[in-house]
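This is what each chain is made of:
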Amino acid sequence: MKKEFLECGKIVSVHGLRGEVRAQSWGDSPEDLCAFETLYLDGGKTPVTVERARVQKNVVLLKLKGCDTPEAAQALRGKVLYLHRGQEQLEEGQYYLQDLLGMQVYDADTGRLYGELCDWSETGANDVYHIRFEDGKERLIPAISQVVIRVDVEGERMEIRPLKGLFDDEPED
């Protein structure tokens, strides 16, 4: 099921004396977080207006409306930032990683159900998807076009073609 509000970062610390916060962006780059005039807290329940945003090294410095003191900024520390799904338009074939969580993963050739996509990791070369098999074991697949054949976000289904040896601990059929 698609979430209305998507996690996009986290407030990690206070910056300066005027209520600015340092936020870690969970997008492709820190600049992505600077593009929004409104962000949300509390799972999307509390909208906050972004007065200004800029990147400093690998974090985003945010000045949020109503947050004017270091104490007010400190109260936001550790809060997750959200964006509303409608705030950003994806191109054809793109999807939010959060929409993949809970997706059923099938073999593209045999239709066999492997399990559920339960997490992902970022690596230097490509993302890695974590699949929880029926036996409870978690196995990893590279998120590359040679392995991930189809992603149907609406149908909550992913079809993969594992590389030879990827699931070597699997019993032979």
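Let me sum up the structure you'll find in this document.

Criteria and thresholds
- Residues numbered from 1 in each chain as written.
- Predicted model: local features only at pLDDT ≥ 70, side-chain atom pairs only at ≥ 80, totals over all residues.
- Heavy atoms only, no water.
- Helix = DSSP H or I, 4+ residues; strand = E, 2+ residues; numbered from the N terminus.
- Buried < 20%, exposed > 50% of the residue type's maximum accessible area, 1.4 Å probe, protein only.
- Areas by Shrake-Rupley, 256 points an atom, 1.4 Å probe, with all protein chains shown as cover.
- Lys, Arg positive; Asp, Glu negative; His and termini not counted.
- Charge placed at Lys NZ, Arg CZ, Asp CG, Glu CD.
- Salt bridge = Lys/Arg side-chain N within 4 Å of Asp/Glu carboxyl O.
- Phe/Tyr/Trp six-rings, centres within 6.5 Å; stacked < 30°, edge-to-face > 60°.
- Lys NZ or Arg CZ within 6 Å of the ring centre and 35° of its normal.
- Polar contact = N/O pair within 3.5 Å; in protein donor to acceptor, adjacent residues only side chain to side chain.
- Pairing = 2+ DSSP bridges.
- Contact = heavy atoms within 4.5 Å.
- Axes fitted to C-alpha atoms, helices over the stretch in contact; angles between N-to-C directions.

**Concerning the overall build of the protein**
Here is step 1 of the chain: Along the protein, the regular secondary structure elements total two helices and 12 strands.
Here is step 2 of the chain: Across the protein, helices and strands are ordered from the amino to the carboxyl terminus as β-β-α-β-β-β-α-β-β-β-β-β-β-β.
Here is step 3 of the chain: Across its three principal axes, the protein shows a C-alpha extent of roughly 65 × 25 × 25 Å.
Here is step 4 of the chain: Looking at the protein residue by residue over its 173 residues, the buried ones come to 35%.
Here is step 5 of the chain: When the accessible area of the protein is evaluated, it comes to approximately 10,400 Å², of which 46% is carbon and sulfur surface.
Here is step 6 of the chain: Side-chain charges in the protein split into 22 positive and 33 negative, and the spacing between the mean points of these groups amounts to 7 Å.

**Observations regarding the pattern of salt bridges**
Here is step 1 of the chain: Within the structure shown, the criterion is met by 11 salt bridges.
Here is step 2 of the chain: Lysine 79 is the partner of aspartate 42 in a salt bridge, and the nearest nitrogen-oxygen pair spans 3.0 Å. Residue aspartate 42 is located in the loop between strand E3 (38-41) and strand E4 (46-56), and its partner lysine 79 is located in the loop between helix H2 (70-76) and strand E6 (80-84); the two are separated by 37 residues in the primary sequence.
Here is step 3 of the chain: On the basis of relative accessibility, which here comes to 28%, the residue lysine 79 falls in the partly exposed class.
Here is step 4 of the chain: Between arginine 157 and glutamate 159 there is a salt bridge, and its shortest N-O distance comes to 3.1 Å.
Here is step 5 of the chain: On the basis of relative accessible area, arginine 157 is assigned to the partly exposed category, the value being 29%.
Here is step 6 of the chain: Judged by relative accessible area, which is 15%, glutamate 159 ranks as buried.
Here is step 7 of the chain: Members of the salt-bridge network, linked through shared partners, are Glu20, Arg52 and Arg54.

**As for the packing of aromatic side chains**
Here is step 1 of the chain: Taken as a whole, this structure holds two aromatic pairs when the rule is applied.
Here is step 2 of the chain: Its guanidinium or amino end placed over the ring of phenylalanine 133, arginine 139 lies 4.2 Å from that ring's centre, counting from NZ or CZ.
Here is step 3 of the chain: Directly above the aromatic system of tyrosine 106 lies the positively charged group of arginine 157, at a separation of 3.8 Å from the ring centroid.

**Some points on the side chain of arginine 139**
Here is step 1 of the chain: Secondary-structure assignment places arginine 139 in strand E10 (residues 138-142).
Here is step 2 of the chain: Residue arginine 139 is classed as buried on the basis of its relative accessible area, which comes to 6%.
Here is step 3 of the chain: Side chain to side chain, arginine 139 and aspartate 135 meet in a polar contact 3.4 Å long.

**Some remarks on the pairing of strand E7 (residues 104-107)**
Here is step 1 of the chain: In terms of strand pairing, E7 meets strand E8 (residues 113-122) through three bridges, oriented antiparallel. Within E8, the residue paired with glutamine 104 across the bridge is glutamate 116.
Here is step 2 of the chain: By the bridge criterion, four bridges tie E7 to strand E12 (residues 157-160) in an arrangement that is parallel. Directly across from valine 105, in E12, lies its bridge partner methionine 158.

**Some points on the environment of glycine 78**
Here is step 1 of the chain: Relative to the helices and strands, glycine 78 is located in the loop between H2 and E6.
Here is step 2 of the chain: Along the primary structure glycine 78 and isoleucine 11 are separated by 67 residues, whereas in three dimensions their C-alpha atoms are 5.3 Å apart.
Here is step 3 of the chain: The residues contacting glycine 78, other than those within four sequence positions of it, are Lys10 and Ile11.

**What to know about the sheet that holds E8**
The pairing of strands in a sheet happens through backbone hydrogen bonds and is either parallel or antiparallel.
Here is step 1 of the chain: Strand order in the open sheet formed by six strands is E10-E9-E8-E7-E12-E11, and the pairing between neighbours is mixed. Each edge of the open sheet carries a strand with a single partner, namely E10 and strand E11 (148-152). Averaged over neighbouring strand pairs, the angle between their axes works out to 35 degrees when direction is ignored.

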